[in-house]
Number of protein chains: 2
Amino acid sequence: MRAEIINPFISATIEVLKSMAYTDSIPGKPFLKNDYSATGDVTSIVGITGEPDATFSITFDSESILCIVSKMFGETLTELTQEVADATGEIVNMISGKARREMDKKGIHYDGAIPTIITGQGHEIKHISEGPVIAIPFQAEKGSFTMEICFKS
Amino acid sequence: MRAEIINPFISATIEVLKSMAYTDSIPGKPFLKNDYSATGDVTSIVGITGEPDATFSITFDSESILCIVSKMFGETLTELTQEVADATGEIVNMISGKARREMDKKGIHYDGAIPTIITGQGHEIKHISEGPVIAIPFQAEKGSFTMEICFKS
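Source: prediction; values computed, not measured.

With that settled, consider the environment of B:Pro30. All names here are of chain B. The topology assignment puts Pro 30 in the loop between β1 (26-27) and β2 (31-32). Assessed through its relative accessible area of 29%, Pro 30 is described here as partly exposed. Residues Pro 30 and Ala 135 lie 105 residues apart in sequence; the distance between their C-alpha atoms is 5.5 Å.

Here it is as structure tokens:
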């Protein structure tokens, strides 16, 4: 299950959301499913290359990301604006950076590509690989989000 | 404008669509815009790491991708099914591989992460970087698509 890669991303998510947005998030049980597609309203994707190459994404429903970014900015946001998309990119970039620094300390080196944000009601995300996709559902203070890490086979 | 990186991706796109899907595609003038978001119905994203780290994406409208995948499969497809999403991933993976092999011949080395496919009517793509986003609009036999390459500043 590649816990040495998955766990730093789970911890970094919890810590970054706590420190940036004063938000608690509770990870559910990771599951492995090759034909799984996450569906949500805002997604951030970061390609990471190392051994093996992978891709890391988080797909938020509107409720969860609006609550997170509202807390981050200290004002109530009710729409998925460009500002919310940018903040999502910033959050996921910080998570990716933090997780990669943690792995580095253990001798696992990953480089990170540029994060991309996708917005659009009910879009679907699928990673194209014959390798495993590990999905971790998270419960946020409001709504939920799904982290996925997909590995090259 | 980083022509040594952009041009191999443009050539690879034209060649892969021609050889895999017997489809002509005509690139328009590349443009540089930091606050640009591509909007479309099917997007494939591949993170690539090298000097500098980057992300490569192609965003198709329904018309263009349905025509391309119909020609690839030799049957008329009218809906954005999972099969179409998978084929899009395969096409973009081949483009990324081909472009990276061409760059390698010139001593420019890039690693590629796992491609991700996003489906959802009218979703919007934004790359989160202070570096430049170079967008290249393409005219397909039917419809259009936009290639984007975003670089870390």
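The next thing to look at is the interface of chain B and chain A. On the chain A side, the residues contacting the 32 residues of chain B number 32 residues. Between chain B and chain A, a total of about 2,500 Å² is buried, with carbon and sulfur atoms accounting for 56% of that surface. Area buried by chain B at its contact with chain A is led by B:Ile114, B:Lys126 and B:Ile128, which between them contribute 28% of it. There are two salt bridges connecting chain B and chain A. Its salt-bridge partner being B:Asp86, residue A:Lys126 comes within 2.8 Å of it at the nearest N-O pair. Between the two partners, chain B and chain A, sit 15 residue pairs in polar contact (both at pLDDT 80 or more). Of all the secondary structure elements, the ones that give two or more residues to the side of chain B that touches chain A are β3 (38-49), β4 (54-60), α3 (82-105), β5 (111-112), β6 (116-127) and β8 (144-151) of chain B. Take the side of chain B that touches chain A: its biggest share by element is 10 residues, from β6(B). For the side of chain B that touches chain A, the residue count by class is 13 nonpolar, 13 polar and six charged.

Procedures and definitions
Residues numbered from 1 in each chain as written. Chains lettered and ligands numbered in written order. Predicted model: local features only at pLDDT ≥ 70, side-chain atom pairs only at ≥ 80, totals over all residues. Heavy atoms only, no water. Helix = DSSP H or I, 4+ residues; strand = E, 2+ residues; numbered from the N terminus. Buried < 20%, exposed > 50% of the residue type's maximum accessible area, 1.4 Å probe, protein only. Contact = heavy atoms within 4.5 Å. Buried area = accessible area lost by both parts, 1.4 Å probe. Salt bridge = Lys/Arg side-chain N within 4 Å of Asp/Glu carboxyl O. Polar contact = N/O pair within 3.5 Å; in protein donor to acceptor, adjacent residues only side chain to side chain. Nonpolar A, V, L, I, M, F, W, Y, C, P; charged D, E, K, R; others polar.

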